[in-house]
Structures are given as C-alpha cells and as structure tokens.
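# Chains, contacts and geometry: an overview
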Amino acid sequence: MERYWNEEIECASREEMKKLQDERLVAQVKHVYDNVEYYRRLMDEKGVKPEDIKGTEDLCKLPFISKADLREAYPFGLLAKPLKECVRIHSTSGTTGKRVVAFYTQHDIDIWEECVARAITAAGGTDDDICQVCYGFGLFTGGAGLNGGSHKAGCLTLPMSSGNTERQIQFMRDLGSTILCCTPSYAAYLGETLHEMGLSPDDTKLRIGIFGAEPWTEEMRRSIEKSLGIKAYDIYGLTEISGPGVAFECSEQSGMHINEDNFIAEIIDPETGEVLPDDTVGELVFTSITKEAFPLLRYRTRDLCVLTRKKCSCGRTFVKMAKPMGRSDDMMIIRGVNVFPSQIETVLIENGYSPNYIIEVDRLNNTDTLDISVEMRADQFSDKVKDMQMQERELANAIKTMLGINPKVHLVSPKSIARSEGKAVRVIDKRKLHD
Ligand code: DLL
C-alpha cells in the first residue's frame, strides 16, 4: 500500500491545490515587492503591481528571473528577510563566475526537510530504515537536504558525505544501511566497487536508492538497480529553489511529483519565454510560494523537461516532471545537430558498455569532431586489434543511428576513466577554448 508523508496535501484535489497556490502566490508577490528592491525594480519596469496578481493564472504577468540576475544581486540583493532571521546559507557548485548563494530561515529549512521526507516516504522509506547519505556535505545542498529529510522521516541517519568508497561499503554492511542517497554516478561506482570486493547485493541490506543532482538515463537506473539489488528513485532540486526535494519519484518510477504546495512549475519556450502546454518539452520555471528568505518568482532553471498531469497510480495529484533531459546549456550542437550526453549514455548501456565515458568535442578545419572514449569491462577486452576495431565500429554505428552523426569511438581499458564521487563531468568541449 502506498504511504504518504502528508496525504492531505499530496493527494489534494486540483481545486484545493489551486486555491492554496493562489493564496500563497498573492502573499508571496506582496512579500517580495515590499522587501526586495531588485524585484520591485523588475516589476515596475514590466508595469506590474502586486495587486495585478490574483492567482496562478496571472503568473505570466510577472517578469522572469535568471541566474544572471542572481549573480548581479550577489550576495544580499535578493534577500527578503533581515539576515538576523536567517539561519543557513547554501551555494551552487558552479565553477565559473560568481557563485549563487541562497539563504534560509528556520521555517524555510522546516519546509525543505518536509519535502525531502515526502521523497523518502514515497520511495518506501520509514522509521525502520537506516539511511546512508553520501551526497557531499557543506555548501552543496545534497548532504544537508537528505540528512534533514531523513531525520524528519525518522530514519536512523548516517551522514557519510561522499568519498572513501570502500569505507562506505564497510559501514553499509556493518550497520545494515537500507537506503542509499547519492548521485547516480556515485551509486554506479559503489556498485562496481562492491563487486570488485568480491561481494554481491546479498551481502548488504540495501533496498532503496534515492539518486539525483545530475541527469541519468533509464538504462543507468536499471544497471544500478541490478548491481546494488535495489529499487532506484529519482530526486530533483536546485539550490536556488531550496535543494533536493523540489520533486521526487513515487512507486510508479515514471517521473517526479513536484511539491506543488511550495513550488509552482511552468514550462516555457526557452527562446520566446512563451508558456507551453503540458506534455511539451521546454524550459522548467519555478516560483517558490512559501520561501521566506530567498523567494524566487519565475526562476528559469535552464533544465529541459516535460510536465504531465496524467493520473498517477500512487494516488498523488501533484503534477509530474519527466526526467530532465539535461540543461539547455548541456546541449551540444555538433555539425548542426542537437546532442545531449544522455542520448549517448543510453546507447552505451544498451550495448552492454559501462556508464564510464568521456565525450570530447572539438573543431578541426571548420568541422566539428566528436570523440567518445568508453571504458570496456574486463570481459569486453580482446588482444586482437581487429576485434577491438570491429567493436568500436559497431558502437560508433549504434551511436550514429541515434544521433545522425558519425562519432569516433575509442574503447579504453578498464578503470582508465576517473570515477565521480559527486556530479560527474562527462563532456569536454574544446571548441569553447578556441572561441
Ligand atoms: O543538485 C540539488 C540536489 C541534490 C538534487 C541532491 C538532488 C539530489 P544544484 O547543485 O544547485 O542542486 O544543481 C541543480 O542539477 O538545475 C539540474 O540541472 C541538476 N539536477 C538536479 N537533480 C536532477 C535530477 C542540486 N534528478 C541542477 N535529474 C538542476 C537531472 C538534476 N538533473
């Protein structure tokens, strides 16, 4: 039987949810206009006043806000509460430019933790579980977010952070962890290490994985489920909006329910900003309607995905977002063709290769080149050059069928590609260096 953390909200009727969102949106717009000069200026420029926003149907009148605004307003320019009332800061993992910092009041943290507790419950977690949190702890929201949600759900929580993989497995076995929380790329690495230690899933008590913070494919899900002997659930979120738990997967494992009592989602055309209907691919935009310290209205995430309101077998009525296909800035245009790393990952895993790969894009004589280095498993290795070349050709053909362009595939020896303990970096676009 499906369990809920907050059934009244998670299964509310559309009318009830709309009413709640309308009330909260109206109050939030007023809070922001009154307390954040930056927003007041943006809204004045667009000629919109708080009184013009009477409910969710008026959302489209509000200006968008983007990462560039967050950088411009760094560090305190979007703060809507006195610093004295804030209790926490987190920051994005961006490596270039100014980092984005987000502020939380205690109330903001309480709501965030409830969102994560809902995710853990939807994945089947209860206070009988032992939850090993291997997302990084620190300014990154992964560790703190899952830790807080796990406490709230009553799980016995192991705040491991990432790294030291053999010790992770030892604790997992000694203490009997039943839930694993980390990035999907780290989960794959943990599964690989478990097998290398001569162990199998039967040597652990793990039953649930809660994985997110980076794009991952259905093929990757199946591969992790098999190597760790678990059911793997997706969890989505971003620092600007709170952290993990903005959306989470339920027993149906077919997309993530958005915590609509706290976040209103829209899909827009990334070029024109026009709001698109459900079931259409576009850029995900969030309005946080309960956040006190750092409330964002119509924040452009740059994540590309689809929203759907089809009835879900779990009973939740929250709108669902499909797995993000990646960020609009992850999309590579190679010889004029749009390519997402996830498309390449799908072909690799479907053809029996490991999810350890590096995509290198460059430009030679005005033509884009696409080189994909893929790690072999030990049993895929052959000492006959001809055999290896044939395998490379077969894989290149499979990728060509998916993308429509010809890549160069290089099969490299097992263990030669560095493993990720957090968010994996899989694309090197050298064209950007020349430009
Ligand atoms: O990654 C928060 C998080 C931590 C989510 C732990 C889930 C688990 P940021 O570092 O601010 O926050 O990065 C946010 O990561 O805009 C997406 O592009 C990507 N992302 C997050 N979750 C998923 C997911 C955390 N489940 C950015 N699938 C977002 C695909 C994801 N991409």
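As a reminder, the structure under discussion sits directly above these lines.
As the structure is a computational prediction, the values presented were derived from the model and not from experiment.

It is worth spelling out the site of the ligand at this point. Inspection of the region around the ligand gives 22 residues, with Asp-234, Ile-235, Thr-239, Asp-303 and Arg-327 positioned closest. Between Asp-234 and the ligand, the recorded distance is 2.8 Å, taken from a side-chain N or O atom to a nitrogen atom. Between a nitrogen atom of the ligand and a main-chain N or O atom of Ile-235, the distance comes to 2.7 Å. Its free accessible area being 610 Å², the ligand has 95% of it covered by the protein chains. Counting only elements with at least two residues in the shell around the ligand, the list comes to α6 (141-152) and β7 (231-237). Broken down by element, the shell around the ligand gets its largest block of residues, four residues, from β7.

Here we come to the packing of aromatic side chains. Scanning the model with the defined rule gives seven aromatic pairs in all. Ring centres 6.2 Å apart and planes at 35 degrees place the aromatic pair Tyr-236 and Phe-286 in the tilted group. One end of the pair, Tyr-236, is in strand β7; the other, Phe-286, is in strand β11 (residues 282-288), and 50 residues separate them in sequence. No difference in accessibility class separates Tyr-236 from Phe-286, as the two residues are buried. Grouped by ring-pair contacts, the aromatic residues Phe-76, Phe-103 and Phe-294 constitute a single cluster.

Packing of helix α7 (residues 165-175) against helix α8 (residues 184-196) brings their axes to within 10 Å, and their N-to-C directions diverge by 75 degrees. As the angle between them shows, α7 and α8 are arranged roughly perpendicular. On α8, the residues touching Thr-165, Glu-166, Gln-168 and Ile-169 of α7 are Tyr-186, Tyr-189, Leu-190, Thr-193 and Leu-194. The residue makeup of the contact of α7 with α8, split by class, is five nonpolar, three polar and one charged.

For the rest of this paragraph, the subject is the state of the cysteines. For the coordinates displayed, the defined rule picks out zero disulfides. Here Cys-115 is not cross-linked by a disulfide; its sulfur's nearest cysteine counterpart is in Cys-11, at 15 Å.

Our next topic: α7. Within the sequence span of α7, burial applies to Thr-165, Gln-168, Ile-169 and Met-172. In a view along the axis of α7, the buried residues occupy a sector of 95 degrees, so they form one face of it. Residues of α7 that are exposed and point over 90 degrees away from its buried face: Glu-166 and Asp-174. Along its buried surface, α7 packs onto β3 (130-133), β5 (179-182) and α8.

What follows deals with unusual backbone geometry. For the peptide bond that leads from Tyr-74 to Pro-75, omega is -5 degrees, which places it in the cis range. Within the fold, Pro-75 resides in the loop between α4 (67-72) and β1 (86-91). Located in the positive-phi region is Asn-164, a residue other than glycine, with phi close to 55 degrees. Considering the arrangement of structural elements, one finds Asn-164 in the loop between β4 (156-159) and α7. Here Lys-415, not a glycine, exhibits a phi torsion of approximately 75 degrees, which is positive. Along the polypeptide, Lys-415 turns up in the loop between β20 (408-412) and β21 (427-429). Here Lys-415 falls in the partly exposed class, since its relative accessible area comes to 43%.

Membership of the largest hydrophobic core comes to 80 residues, with the highest contact counts inside it found for Leu-78 and Phe-286. Counting residues in hydrophobic clusters, the runner-up holds 22 residues, among them Tyr-357, Met-376, Leu-403 and Ile-405.

Spatially, four strands are ordered β10-β11-β12-β15 in an open sheet, and the strand pairing comes out antiparallel. Two strands close off the open sheet at either side, each with one partner strand: β10 (263-268) and β15 (326-327).

Moving on, we get to helix α9 (residues 218-228). Those residues of α9 not exposed but buried are Glu-219, Met-220, Arg-221, Ile-224, Glu-225, Ser-227 and Leu-228. Lining the buried residues of α9 we find β5, α8, β6 (208-212), β7, β8 (244-249) and α10 (341-350). Looking one or two residues beyond α9, the residue adopting positive phi is Gly-229, at roughly 65 degrees.

Definitions and limits used
Residues numbered from 1 in each chain as written. Predicted model: local features only at pLDDT ≥ 70, side-chain atom pairs only at ≥ 80, totals over all residues. Heavy atoms only, no water. Near = heavy atom within 4 Å. Polar contact = N/O pair within 3.5 Å; in protein donor to acceptor, adjacent residues only side chain to side chain. Areas by Shrake-Rupley, 256 points an atom, 1.4 Å probe, with all protein chains shown as cover. Helix = DSSP H or I, 4+ residues; strand = E, 2+ residues; numbered from the N terminus. Phe/Tyr/Trp six-rings, centres within 6.5 Å; stacked < 30°, edge-to-face > 60°. Buried < 20%, exposed > 50% of the residue type's maximum accessible area, 1.4 Å probe, protein only. Axes fitted to C-alpha atoms, helices over the stretch in contact; angles between N-to-C directions. Parallel < 35°, antiparallel > 145°, perpendicular 65-115°, else oblique. Contact = heavy atoms within 4.5 Å. Nonpolar A, V, L, I, M, F, W, Y, C, P; charged D, E, K, R; others polar. Disulfide = S-S within 2.5 Å. Arc of directions from axis to C-beta. Core = buried A, V, L, I, M, F, W, Y, C linked by side-chain atoms within 4.5 Å. Pairing = 2+ DSSP bridges.

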